[in-house]
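Below are the chains, spelled out letter by letter.
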Amino acid sequence: MNIIKVKDQQMGGKEAFNLVKADIENGAKVLGLATGSSPITLYNEMTNSDIDFSNMTSVNLDEYVGLEADNEQSYHYFMNEHLFSKKPFKNSYVPDGSNPDAEAATKAYDKIIEDNPIDLQILGIGRNGHIGFNEPGSPFDGKTRKVGLTESTIEANTRFFDDEKDVPRFAYSMGIGSIMKAKKIVLLAYGENKADAIAATVDGPVTEDCPASALQNHPDVTIIVDEAAASKLK
Ligand SMILES: N[C@@H]1[C@@H](O)[C@H](O)[C@@H](COP(=O)(O)O)O[C@@H]1O
C-alpha cells in the first residue's frame, strides 16, 4: 500500500486529483466514485479542472434504500450536487435506492459493474473500517447487496439528517469483491476519528472485522491521509 500524508483535506483533494488525472491520461474510462465528506475536495478539483468527463463513465458505491434520487439526503443527489451537475459524465450509475425489490436492484447493479470494469475506485472509510456500506463482517468476495447499517454508521450519518429517526437503516452497496476488481484504488481519510480505522486497514490483520483491511490484498492501493488520520500508523 502506498501512503501519502498530506497537511489537510485541501491538499488531499489535490493529490487525489493528480492520481485521477494521470490515470485518465493513461486511458482510464471508468471511475468508481464515493460519497461522504472525504471526496468533496477531490470533486472540487475535478469540477474546477479543464478535464472533459463527457466520454467517461462513473459507477458509485452505494445508495440508501428507500430514498428517491431527488431526495436531498440521497447519494444520487449528493453526486449531482458535488460533481455531475458541473461535470457531466457520459453515464453515471448509482444503485437504485427507490427500487424496493432488492434482488432486482442489486442484480441490475452487478450487471452495470460487469459491463463497466472500474479503472480507478475512490473510497472513503467509515470509523469502523467500512468501505462503501460494507460493514464489519461483510464477505471479502461479496457482490452488490442490501445491507443493514450498524448503529455506529447510523450515528455518524445522523449529521446529514434532521433527526436520527430519518437515517435509512438499509443501503444497496457494491460488495468488497467488486471493489477489489478495480484496477487502482485511492482511499481518502481525514481527521482523528479515522485514525483507528486507518491503523487497522494498514497495519492490522486482514480480517472481515475491518472491511478495508481487504485492501492489503490489492496490488495498487494509495491511501491519502492527513496527520490526524495517520496518527496511529506504526
Ligand atoms: N457510505 C459512506 C461511505 O462510502 C463513506 O466512506 C463513509 C465515510 O464518510 P465521510 O467521508 O463523510 O467520513 O460514509 C458513508 O457511510
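The rules behind these values
- Residues numbered from 1 in each chain as written.
- Predicted model: local features only at pLDDT ≥ 70, side-chain atom pairs only at ≥ 80, totals over all residues.
- Heavy atoms only, no water.
- Near = heavy atom within 4 Å.
- Polar contact = N/O pair within 3.5 Å; in protein donor to acceptor, adjacent residues only side chain to side chain.
- Areas by Shrake-Rupley, 256 points an atom, 1.4 Å probe, with all protein chains shown as cover.
- 1 Å grid on protein atoms, 1.4 Å probe; cavity = no way out; pocket = protein on both sides within 12 Å on 5 of 7 lines; lining within 4 Å.
- Sits in = over half its atoms within 2 Å of the grid points.
- Nonpolar A, V, L, I, M, F, W, Y, C, P; charged D, E, K, R; others polar.
- Phe/Tyr/Trp six-rings, centres within 6.5 Å; stacked < 30°, edge-to-face > 60°.
- Helix = DSSP H or I, 4+ residues; strand = E, 2+ residues; numbered from the N terminus.
- Buried < 20%, exposed > 50% of the residue type's maximum accessible area, 1.4 Å probe, protein only.
- Lys NZ or Arg CZ within 6 Å of the ring centre and 35° of its normal.
- Salt bridge = Lys/Arg side-chain N within 4 Å of Asp/Glu carboxyl O.
- Expected span 1.5 Å × (residues − 1).
- Arc of directions from axis to C-beta.
- Contact = heavy atoms within 4.5 Å.
- UniProt positions renumbered as here; feature names shortened; annotations may be inferred.

(A) Spotlight on the site of the ligand. Taken together, 13 residues are adjacent to the ligand, and Ser37, Ser38, Asp62, His130 and Lys194 come closest. Residue Ser37 places a main-chain N or O atom 2.7 Å away from an oxygen atom belonging to the ligand. Take Asp62: an N or O atom from its side chain is 2.9 Å from a nitrogen atom of the ligand. Protein contacts shield 95% of the accessible area of the ligand, which totals 390 Å² for the unbound molecule. In a pocket analysis with a 2 Å cut-off to the grid points, the ligand is assigned to the largest pocket. Of the residues assigned to the shell around the ligand, the class counts are three nonpolar, seven polar and three charged.

(B) Spotlight on the packing of aromatic side chains. Tallied over the full model, the rule gives six aromatic pairs. Each ring, one from Tyr75 and one from Phe133, has its centre 5.9 Å from the other, and the planes form 10°; the classification is stacked. Within this pair, whereas Tyr75 is found in helix H3 (residues 75-84), its partner Phe133 is found in the loop between strand E6 (120-123) and strand E7 (145-148), the two being separated by 58 residues in sequence. Take Tyr75 and Phe133: they sit in the same class, and that class is buried. Here Phe84 and Phe89 contribute two aromatic rings whose centre-to-centre distance is 5.6 Å and whose plane-to-plane angle is 75°, an arrangement assigned as edge-to-face. Across the pair, Phe89 and Phe84 agree in class, each one buried. Following the ring pairs from residue to residue traces out a cluster consisting of Tyr64, Tyr75, Phe133 and Phe161. Over the aromatic face of Phe170 sits the side chain of Lys146, whose NZ or CZ is 4.7 Å from the ring centroid.

(C) Structural view of the pattern of salt bridges. Within the structure shown, the criterion is met by eleven salt bridges. For Lys14, the salt bridge identified is with Glu45, shortest N-O distance 3.2 Å. In this pair, Lys14 is assigned in helix H1 (residues 9-25) and Glu45 in helix H2 (residues 40-48), connecting sequence segments 31 residues apart. Judged by relative accessible area, Lys14 falls into the partly exposed class, the value being 40%. The shortest N-O distance in the salt bridge between Asp119 and Lys183 comes to 2.6 Å. Within this pair, whereas Asp119 is found in the loop between helix H4 (102-115) and E6, its partner Lys183 is found in the loop between helix H6 (176-180) and strand E9 (184-189), the two being separated by 64 residues in sequence. Given a relative accessible area of 55%, Lys183 falls into the exposed group.

(D) Main features of H1. Helix length check: H1, at 17 residues, gives a terminal C-alpha distance of 24 Å against a target of 24 Å (1.5 Å per residue), a fit within 8%. Of all the positions in H1, only Gly12, Gly13, Ala16, Phe17, Val20, Asp23 and Ile24 are classed as buried. The buried residues of H1 occupy one face: seen down the axis, they fall within an arc of 135°. Among the structural elements, strand E1 (2-6), strand E2 (30-33), H2, E6, E9 and strand E10 (221-226) are those in contact with the buried residues of H1. Where H1 begins, the side chain of Asp8 points an oxygen toward the backbone nitrogen of Gln10, at a separation of 3.2 Å.

(E) Examining the UniProt feature "active site" (unreviewed entry) in the protein more closely. Following the UniProt record, one finds the feature "active site" (unreviewed entry) at Asp62, Asn128, His130 and Glu135. The annotated residues that sit in the lining of the largest pocket are Asp62, Asn128 and His130. Aside from chain neighbours lying at most four places away, what touches Asp62 is Thr35, Tyr75, Val94, Pro95, Gly132, Phe133, Tyr172 and Ser173. Looking at Asp62, its side chain comes within polar contact range of the main-chain nitrogen of Phe133, at 3.3 Å. In this fold, Glu135 is placed in the loop between E6 and E7. Given the relative accessible area of 4%, Glu135 is considered buried. Not counting residues up to four positions away in its chain, the partners in contact with Glu135 are Asn128, His130, Gly148, Leu149, Thr150, Thr153 and Pro211.

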